[in-house]
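Reading the structure
Chain by chain, the residues:
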Amino acid sequence: MTALSIIVNGAKVDAEIEDRTLLVHFLREHLRLTGAHVGCDTSQCGACVVHVDGRPMKSCTMFAVQADGSDIVTIEGLAKGGLHPVQAAFQEHHGLQCGFCTPGMVMTAVDLLRRNPDPDETEIRHALEGNICRCTGYLNIIKAIRAVATPGAAPPPG
Amino acid sequence: MYTANFRYSRPKTLAEAEALFHAGVDAKYLAGGQTLIPTMKARLAAPSDLIDLSRLPGLSFMREESNALIIGAGTCHADVAASPVVKKAIPALADLAGGIGDTAVRHRGTLGGSVANNDPAADYPAALIALGATVKTTRRVILAEDFFTGMFATALEPSEIVTEVSFPTPSRAAYVKFRNPASRYAMVGVFVAKRTDGVRVAITGAGHSVFRVPEMEAALAKNFTPAAIAGIAISSDGLNGDLFGSAEYRAHLVTVMAKRAVAAALV
Ligand SMILES: Cc1cc2nc3c(=O)[nH]c(=O)nc-3n(C[C@H](O)[C@H](O)[C@H](O)COP(=O)(O)OP(=O)(O)OC[C@H]3O[C@@H](n4cnc5c(N)ncnc54)[C@H](O)[C@@H]3O)c2cc1C
Ligand code: FES
Ligand code: FES
């Protein structure tokens, strides 16, 4: 058992956990934040993507103890008062069907738009390579992300 | 899915990490975990102790020094791909890092973990061999040529830690890979580098470990064009054959991808 102290969606969390607890299990089973999904458990599908210190990571491929001291944002932490613009765009453009892949898709898309506010289709497809969707055929996901892009915006420096 | 139990520790210095390693029964270092954790989840590995190197200070950096680019072992693939320093010194290396796995894997997987693991289909080993890189560890400096010793095998001693890799800057270079569309690992990846002392062609994905193609290197030293190597076929003996492609297919891909790499290096 190891002590863990992290911030999840803005709130401080202290816990004592088994060292082998994966971050996704800690979020889902200990904190009952079931937004991050376990789709494959083989590090392929991206349904479990959350942001750790501002970087997208597969929470199934990281031990919770490794996140000690980190600031984590899950899909539950995106909406503030209303849906996050990326969530709203997925709804508007029908970027989901069953919704299983959606939390990971949205978290990856939010990260992409932060680094590259005006991605073209090729860049969006490249960014989503680790997020597998069995339903949509991806087209509407790409449409949704394009819809929240800021035309002509340059990536932030650094 | 749960791994077997282990004891986790997060040392603050390299010396402490090595001491913890020696104190464990069957200890393993953990960097980005993008190879080790899936392996542990599949119960193909069950180390007694995991020594987390991912927060060790001073292992994540990129800097240019007299005709070389030095990258810390703890630098993640996404940082290499996005780095202005890397893009200026060796753009082919930034391209390579940007094509590893996927976005999330690139934000966690590290250079040190990739070279220490020496997966036969990993991308970085091709860059190290083609560029004539040197690997610095907690104990010594090892030429890339001597570092990669076989399938998933390196010259590292059990507790030795890779700290940085130094890549001499080439005059031209490019990396192209034919990706397995599902895993995105290289079916065949070719790194071509033109240097003051000649040309190097390093192949990953095709064999048990990264290898060079001397016939192509000699032809390209005389004439650095795709046409110069179009007629050079490599033998399929000893190459990897699996459900994704036969050894003959991979041998064919080597020439195809090498031509593309030379063309890309000329742009
Ligand atoms: C879905 C997916 C797709 C991928 N696709 C690709 C791809 O296309 N191309 C590619 O090249 N790779 C790919 N990878 C692998 C990825 O690049 C890994 O990040 C890399 O192979 C290992 O780096 P790591 O930092 O994650 O190491 P870990 O998994 O933490 O460690 C790997 C091994 O190296 C040892 N180790 C780690 N750091 C050091 C060090 N500094 N000194 C000594 N030993 C050390 C560990 O003990 C362990 O044995 C993929 C991985 C996944 C999950
Ligand atoms: S559950 Fe994490 S990548 Fe599929
Ligand atoms: S909407 Fe069903 S998996 Fe993507």
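Residues numbered from 1 in each chain as written. Chains lettered and ligands numbered in written order. Predicted model: local features only at pLDDT ≥ 70, side-chain atom pairs only at ≥ 80, totals over all residues. Heavy atoms only, no water.

With that out of the way, let us pick up the overall build of chain A. Helix and strand counts for chain A stand at five helices and five strands. Helices (α) and strands (β) of chain A occur, in sequence order from the N terminus, as β-β-α-β-β-β-α-α-α-α. Computed over the C-alpha atoms, the radius of gyration of chain A is 16 Å, within 12% of the 15 Å expected from 2.2 N^0.38 for a compact globule of 158 residues. The C-alpha extent of chain A, read off along each of the three principal axes, is 50 × 35 × 30 Å. Burial status across chain A gives 51% buried among its 158 residues. Sequence-distant contacts in chain A: of pairs separated by 6 or more residues, those separated by 24 or more amount to 59%. (Helix = DSSP H or I, 4+ residues; strand = E, 2+ residues; numbered from the N terminus. Rg over C-alpha atoms; globule rule 2.2 N^0.38 Å. Buried < 20%, exposed > 50% of the residue type's maximum accessible area, 1.4 Å probe, protein only. Contact = heavy atoms within 4.5 Å.)

Below, the discussion takes up the side chain of Asn118(B). Residue and element names in this part refer to chain B. For asparagine 118, the position within the fold is in the loop between helix H7 (111–117) and helix H8 (124–131). According to the relative accessible area criterion, asparagine 118 is buried, its value standing at 0%. Of the polar contacts made by the side chain of asparagine 118, one reaches the backbone oxygen of glycine 150; its length is 3.0 Å. (Polar contact = N/O pair within 3.5 Å; in protein donor to acceptor, adjacent residues only side chain to side chain.)

The next point concerns the site of ligand 1. Surrounding ligand 1, one finds 32 residues, the nearest of these being Tyr29(B), Ala31(B), Gly33(B), Leu36(B) and Thr110(B). Bordering ligand 1 are residues originating from chains A and B. Between ligand 1 and Asp123(B), the relevant distance is 2.8 Å, taken from a nitrogen atom to a side-chain nitrogen or oxygen of the residue. It is H7(B) that contributes the most residues to the shell around ligand 1, four residues altogether. Tallied by class, the residues present in the shell around ligand 1 amount to 13 nonpolar, 13 polar and six charged. (Near = heavy atom within 4 Å. Nonpolar A, V, L, I, M, F, W, Y, C, P; charged D, E, K, R; others polar.)

A word on the domain arrangement of chain A. Residue and element names in this part refer to chain A. Under the domain assignment, chain A is made up of domain 1 (2–77) and domain 2 (85–148). Relative placement of domain 1 and domain 2: their C-alpha centres are 21 Å apart. With both sides pooled, the region where domain 1 packs onto domain 2 buries about 1200 Å², and carbon together with sulfur makes up 60% of that total. When residues of domain 1 are sorted by the area they lose upon contact with domain 2, His37, His51 and Ile75 head the list and together hold 41% of the total. On the surface where domain 1 and domain 2 come into contact, there are six residue pairs in polar contact (both at pLDDT 80 or more). Sorting the residues of the side of domain 1 that touches domain 2 by element identifies strand E3 (49–52) and strand E4 (55–58) as the ones contributing at least two each. With three residues, E4 is the largest single contributor of residues to the side of domain 1 that touches domain 2. For the side of domain 1 that touches domain 2, a count of residues per class yields seven nonpolar, eight polar and two charged. (Domains from an automatic or database assignment. Buried area = accessible area lost by both parts, 1.4 Å probe.)

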